[in-house]
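Commentary on secondary and tertiary structure
Residue strings, one per chain:
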Amino acid sequence: MEEYRELWSPTAAPERVRTVRIEPPGGFPAAYGGRLDSFHMAYESWGRPDAPGGTVLLVHFLTSDTHATGEYDGTPRGWWEDLVGPGRAIDTDRFFVVCPNLLGGCHGSTGPRFPAPDGDAWLDRFPLLTPRDLQRAQRLFLHEIGAGKPTLVVGPSMGGMIAWEWAADPGAAERVVSVAAPAVASPHQIGLNWLQRRAIALDGTEGETPASRRGQAVARGVGMLGYRAPEGLWEKFGRSWFREPGPDLASPGLFNVESWLHHHGRKLPKKFDARTWRLFARAMDLHDTGEGRGGVARAFSEDGTAEFLAVGISSDHLYPAAEIRRSAKEAGATYREIESPHGHDAFLLETDALAGLLADFLA
């Protein structure tokens, strides 16, 4: 138990990751109640703070972290390695690139495992956050490190939802790219997140130990099937066996797709905290760029909103391209679409196509 909790402690971030403490005047109130007097944000950066192109803010997706590119702690590649680096679409010779762990995260930023003012861990008392809260925290973070107004904000999936908030915040950023995220979370997406949270809850309050993470494994499987399209799964697995069945129900065998789900169901809970998982899944449910702004169209009618590109994926069943196209039209944003059989995960797999879109947008 103690070893597991230590993984998410304030001192658990790898050596390359730096941490800043932010103390906003009056604290940091969350939209649905609750307040943080101060908070830490962990981050990685690449390039020089005085880079000629200015600052690029990378906003990571649900289960990710600060490590977008480069090597640390034995990890040879980041989650957007092919997009971020010298001479790449997000050029670290041209830009100062920074990727903070989201507030509420489990890789160095203040989250449910951190101590509350009473000295005990926040756990379920941690404030409920929305994508707008997370964007406000990032603005405070950039000010704290002296980065100022970003030249570009770019994020996929949950990061794309936060990117919508950056785009709608007048004067906050010059350009914004949201990848595979609509302006508003749909009932379908909310329902899938509910299934994941319910599965996690099956582990109970003692779901802190490896032996009791079966619910988290199921939650990961629900997520993985949402991230991939049926045609991509056919291409990857077909109906091939990992282990063929025996003669009776006691040895039912295992299809390769089942083995894949089993592998990821065991892998993720070892590196991603269940409480952050539940917090972020609910934050995604609460995503509505037009809320409190008179709707999406009115939100983007304000002077000073960013030049905005929304990117959809042709086979995405989680955040369908049609939803993102409608959102972009309502916001007056540019819309582009990546053709791929790989569903939502194409934002990780189709990096050449995404690099082309980014290069055109930054030209």
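Rules and cut-offs
- Residues numbered from 1 in each chain as written.
- Predicted model: local features only at pLDDT ≥ 70, side-chain atom pairs only at ≥ 80, totals over all residues.
- Heavy atoms only, no water.
- Helix = DSSP H or I, 4+ residues; strand = E, 2+ residues; numbered from the N terminus.
- Rg over C-alpha atoms; globule rule 2.2 N^0.38 Å.
- Buried < 20%, exposed > 50% of the residue type's maximum accessible area, 1.4 Å probe, protein only.
- Areas by Shrake-Rupley, 256 points an atom, 1.4 Å probe, with all protein chains shown as cover.
- Lys, Arg positive; Asp, Glu negative; His and termini not counted.
- Charge placed at Lys NZ, Arg CZ, Asp CG, Glu CD.
- Salt bridge = Lys/Arg side-chain N within 4 Å of Asp/Glu carboxyl O.
- 1 Å grid on protein atoms, 1.4 Å probe; cavity = no way out; pocket = protein on both sides within 12 Å on 5 of 7 lines; lining within 4 Å.
- Points joined across faces, edges and corners; volume = space filled by probe spheres on them.
- Nonpolar A, V, L, I, M, F, W, Y, C, P; charged D, E, K, R; others polar.
- Axes fitted to C-alpha atoms, helices over the stretch in contact; angles between N-to-C directions.
- Parallel < 35°, antiparallel > 145°, perpendicular 65-115°, else oblique.
- Contact = heavy atoms within 4.5 Å.
- Polar contact = N/O pair within 3.5 Å; in protein donor to acceptor, adjacent residues only side chain to side chain.
- Disulfide = S-S within 2.5 Å.
- Pairing = 2+ DSSP bridges.
- Right-handed = clockwise from strand over helix to strand, strands pointing away.
- Phe/Tyr/Trp six-rings, centres within 6.5 Å; stacked < 30°, edge-to-face > 60°.

**Here's the deal with the overall build of the protein chain**
Looking only at helices and strands, the protein chain features twelve helices and 14 strands. In summary, the protein chain has a C-alpha radius of gyration of 20 Å against a globular reference of 21 Å for 363 residues, a match within 12%. Projected onto the principal axes, the alpha-carbon positions of the protein chain cover approximately 70 × 50 × 40 Å. Out of the 363 residues in the protein chain, the part that is buried amounts to 55%. Entry remark: accessible area of the protein chain is about 15,900 Å², with carbon and sulfur atoms responsible for 51%. Of the side chains in the protein chain, 38 bear a positive and 47 a negative charge, and the two mean positions are spaced by 2 Å.

**Here we look at the pattern of salt bridges**
Tallied over the full model, the rule gives 17 salt bridges. Arg 21 serves as the salt-bridge partner of Glu 23, at 3.6 Å between the closest nitrogen and oxygen. For Glu 23, a relative accessible area of 55% gives the class exposed. Classification of Arg 21 as partly exposed rests on a relative accessible area of 42%. Each of Asp 124, Arg 275 and Arg 278 takes part in one network of salt bridges that share partners.

**Here's the deal with empty space enclosed by the protein**
Going through the model one piece at a time under the given rule, you end up with two cavities of 30 Å³ or more. Along the walls of the largest cavity sit Leu 62, Ser 157, Leu 192, Asn 193, Gln 196, Val 222, Gly 223, Gly 226, Tyr 227, Met 284, Leu 318 and Tyr 319, which together make up its complete lining. Contributions of two or more residues to the lining of the largest cavity are made by α4 (187–201) and α5 (214–227). Looking at which element gives the most residues to the lining of the largest cavity, the answer is α5, with four residues. Looking at side-chain class alone, the lining of the largest cavity contains seven nonpolar, five polar and no charged residues.

**Here's the deal with the packing of helix α2 (residues 131–144) against helix α3 (residues 158–168)**
Their axes nearest at 9 Å, the elements α2 and α3 cross at an angle of 70 degrees. With respect to each other, α2 and α3 are oriented roughly perpendicular. On the side of α2, the interface is formed by Pro 131, Arg 132, Leu 134, Gln 135, Gln 138, Arg 139 and Leu 142, while α3 contributes Met 158, Met 161, Ile 162, Glu 165 and Trp 166. Here the contact of α2 with α3 is built from residues that sort into seven nonpolar, two polar and three charged.

**Focus: the environment of Arg 293**
If you trace the backbone, Arg 293 turns up in the loop between α8 (274–285) and α9 (296–299). Discounting residues that sit within four places of it in the chain, Arg 293 has contacts with Arg 132, Glu 165, Ala 168, Arg 298 and Ala 299. In this structure the side chain of Arg 293 is engaged in a polar contact, spanning 3.0 Å, whose partner is the side chain of Glu 165.

**Here we look at the side chain of Ser 315**
For Ser 315, the position within the fold is in the loop between β13 (307–313) and α10 (321–331). Of note is the side chain of Ser 315, whose polar atom sits 2.5 Å from the backbone oxygen of Ser 340. Those residues in contact with Ser 315 that lie beyond four places of it in its chain are Ala 229, Glu 231, Ser 340, Pro 341, His 342 and Gly 343.

**Description of the state of the cysteines**
If you walk through the whole model with that rule in mind, you get zero disulfides. Sulfur of Cys 99: no disulfide; nearest cysteine sulfur belongs to Cys 106 and is 13 Å away. Of the residues examined, Cys 99 reaches a relative accessible area of 0% and is grouped as buried.

**What to know about the sheet that holds strand β10 (residues 175–179)**
Spatially, β1-β4-β8-β5-β9-β10-β13-β14 is the arrangement adopted by the eight strands of the open sheet, whose pairing is mixed. Lying at the two open borders of the sheet, with one neighbouring strand each, are β1 (18–22) and β14 (334–338). When strand polarity is set aside, the average angle formed by the axes of neighbouring strands in this sheet is 25 degrees. With three bridges connecting them, strand β5 (residues 55–58) and strand β9 (residues 152–156) associate as parallel partners. By the bridge assignment, Leu 57 is partnered in β9 with Val 153. Strands in contact with α3 are β5, β9, β10 and β13; relative to β10, the strand with the most contacts, it is inclined by about 150 degrees.

**Re the pairing of β13**
Looking along a regular strand, one sees side chains alternate from face to face of the sheet. Along β13, six of the seven residues are buried, which leaves the element largely enclosed by surrounding structure. Pairing geometry for β10 and β13, over five bridges, is parallel. In the sheet register, Ser 178 faces β13, and the bridge partner there is Ala 310. Note: β13 against β14, five bridges, orientation parallel. Within β14, the position partnered with Val 311 by the bridge is Arg 336. Note on the crossover from β13 through α10 to β14: the handedness is right-handed.

**Topic: the packing of aromatic side chains**
Tallying each qualifying case throughout the model produces twelve aromatic pairs. A centroid spacing of 5.5 Å and a plane angle of 90 degrees characterise the contact between Phe 61 and Trp 79, whose relative ring orientation is edge-to-face. With Phe 61 in the loop between β5 and β6 (84–85) and Trp 79 in the loop between β5 and β6, this residue pair connects regions lying 18 residues apart in the sequence. Of the two residues examined, Phe 61 and Trp 79, each falls in the buried class.

From the geometry alone we can't say anything about function, so treat these as descriptive.
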